[in-house]
Structure formats: C-alpha cells, structure tokens
Amino acid sequence: MPYLIAWFEEAAKTLREIDEDAFTGIAQEARSAGISLVVSLQRASHTQVSTDTRASLGSSWVYGVRTDRDAGFALDGEVLDAGAAPHLWKDKKPGYCYLVANGIPETFWPTPARSYLTPREYLDWVVLTFAAIRAELDPVTADAAAQAAGPHFTQRTRSSPPGTTHTHPTEDVMNPDDHEPDEPDENGYRDQQDQDEIDPERELPTATEVVQLAERSSEKPRERISPAQARQAMEEILDEFEAEGRTVVCPADFMEHCDRYGRSRSWVSGQVAAFIVAGRLAETRETGEYRIIRDDEAA
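Computed from a predicted model, the values in this text were never measured in an experiment.

Criteria and cut-off values
Residues numbered from 1 in each chain as written. Predicted model: local features only at pLDDT ≥ 70, side-chain atom pairs only at ≥ 80, totals over all residues. Heavy atoms only, no water. Buried < 20%, exposed > 50% of the residue type's maximum accessible area, 1.4 Å probe, protein only. Helix = DSSP H or I, 4+ residues; strand = E, 2+ residues; numbered from the N terminus. Arc of directions from axis to C-beta. Contact = heavy atoms within 4.5 Å. Polar contact = N/O pair within 3.5 Å; in protein donor to acceptor, adjacent residues only side chain to side chain. Core = buried A, V, L, I, M, F, W, Y, C linked by side-chain atoms within 4.5 Å. Salt bridge = Lys/Arg side-chain N within 4 Å of Asp/Glu carboxyl O.

Things to note about helix α7 (residues 139–149)
Of the residues making up α7, those classed as buried are Pro 139, Thr 141 and Ala 142. For α7, the buried positions fall inside an angular range of 165° around the axis, keeping them on one side. Of the exposed residues in α7, the ones pointing more than 90 degrees away from its buried face are Val 140, Gln 147 and Ala 148. In this fold, the buried residues of α7 make contact with α8 (151–154). Sitting at the head of α7, Asp 138 places a side-chain oxygen 3.2 Å from the backbone nitrogen of Val 140. Of the residues trailing α7, Gly 150 is marked for its positive phi of about 60°.

Quick notes on the nonpolar core
One finds Phe 254, Val 268 and Leu 281 to be the most contacted residues of the largest nonpolar core, which totals 15 residues. Of all the secondary-structure elements, those providing two or more residues to this core are α9 (227–243), α10 (251–258), α11 (265–278) and β8 (290–292). By residue number, the principal contributor to this core is α9, which donates 5 residues. Non-local contacts of Leu 281, meaning those with residues more than four positions away in its chain, are made with Leu 238, Val 249, Val 272, Phe 275, Ile 276, Tyr 290, Arg 291, Ile 292 and Ile 293. Val 65, Val 79, Ala 84 and Tyr 98 belong to the second largest nonpolar core, which has 10 residues in total.

Regarding the pattern of salt bridges
Going through the model one piece at a time under the given rule, you end up with 6 salt bridges. When the shortest N-O distance is used, the salt bridge between Asp 70 and Arg 43 registers 2.6 Å. Of this pair, Asp 70 sits in helix α4 (residues 68–74) while Arg 43 is found in the loop between β2 (36–39) and α3 (51–57), placing the two residues 27 residues apart along the sequence. A salt bridge links Glu 242 to Arg 280, with the nearest nitrogen and oxygen atoms 3.4 Å apart. Of this pair, Glu 242 sits in helix α9 while Arg 280 sits in the loop between α11 and β7 (281–283), and the two are 38 residues apart along the sequence. Judged by relative accessible area, Glu 242 falls into the partly exposed class, the value being 23%.

Some remarks on unusual backbone geometry
One non-glycine residue with positive phi stands out, namely Glu 10, at about 45°. Following the sequence through the fold, Glu 10 ends up in the loop between β1 (5–8) and α1 (12–17).

Encoded structure:
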C-alpha cells in the first residue's frame, strides 16, 4: 500500500463537527495501518484534541503560541524544562518553531528551528523530478477513498503536471457494474473498478528498482549496553565533571555523553533524581541546574 498522509489544515472546525470518539478511532486505525495524520490548528487544547488522539499522532511541530499553557498542549514537559519556549515568540517570529519527532535526536527537540516559504518553482521541480518513483493509487485504497469521501474523491479535479498546457477533465469513477473489465497490466493487476477480481493469493511483483533517497550513514550503530552499565557510565561522567572543577550541571550535560548509549532524556532525568537522593547532587535556585556534592561535603 502506498504511504498515505491525511492533512487536516485549520482542523478546529473539523474536530468540532466530528464525534470525538470517531476521530480518535480514525487516528488510532490510521497509525496502525502506517498512515500519517497531520492535524494543524491554532490551539491544541484538550477541548479540541483529546489526549488519546494526541498520543496517536506521535509528533509535534509547534510555532509561536500565546501562553506557556498553550505550549504545554503540544510539547512534553521534558522539552519545556529543557528550554523550549514557543510562547515567548507569540506571533512576532514567523517560521520559528520546535519539531519533536522520531528521527530527530532528543537533544535537538528544545532547539529552535526555522521554516521558510517554499517557492512555487521548487515545488514544480519536486513534482516533475520524482514523478517516476511516485506510487500510483492502488485499487483497494481507491475504493476505500470512494466509499469514505464519495464524490469528493470520485469527481475530484486532477491537475496537470507543471509546465504542461493540456488539462485533465474532472474524472468520475464509474460503478463496477457499469463498464466492461479492463485488461490486466503487466503485473497482473486490474484497475480500481475491478478490484473484486483481484486474486488475494497472487504473489507480489518482484521489485525491479531500488530507490535510495539519502546517502547511507557512515556512522557506527550506537553501542547497546545494559541498564547497570548505563548507570555506571553516568557515575563516571559525573566524576569527570567533578574532576574538571565543575560545580553545577544539568541533565543536558549528561545527554551529550549518554546519547551514544541510546538512552532517552527521561531516563537521564531519572538518574539525576537518583543522584539527588544519593546525595551526589543538590538542587539550586535555578530550575534544571544541580550542584555537585563532593565526597568531603557528603561526609
């Protein structure tokens, strides 16, 4: 099945008009099927997006918001504690944002990013350059879309590729009973109207081409260590900080070292809390900063 994205721009009205349980079910089923949902709205409060729906979305892309409470609807507390503050921008910094998503190192989540308006010429280039590898709509997905959206899908307007002068008229997908079956293509598949005749036991066609969208990483995979070894690494890192003469540390200091062990920020924060209980660190007046307790002080 081709990768699908369902994008709900300015989704507040849609969310108000759809039963909350129904939309949560859509989000959960879409995630289990590998479909990405993008829900774009001004304020992701619990009255508009349920916590179950937010859990199914998985990622957050947050631009300037009015208050820290608004920021908390979209960003985890750990990201806010690490310094993310979209409420300071409000609407004065167009394009400034925070992106919290899989594939982005957690140490970058509280780092401000910036997006720009994409020129139309660049979008035209993307459409034309990658047309040869873009998946065609498969029969099962086409039928599901026709049943769910009706004429909004079957009578949709098809735009011509950039740079061409001819236009495709609005297409109407006919009922399977109203036409003769099309001939199978070279892979043995028929078009969407004849999906009922597809043999579900047929083997998938053999891949003839592999498309590499990015250079293969030359980095070595992260070292996998046990929780006990990770805790020992934290102890050694704290000892190194003390030997350097540092008196104050924060969780981000440990993340710079522990990221290579594949440990999350929440795990590191837990270990910092354990150091406080053990008397190796003490809280300071600054949130997120801790004073190192030397052995002679602890005694």
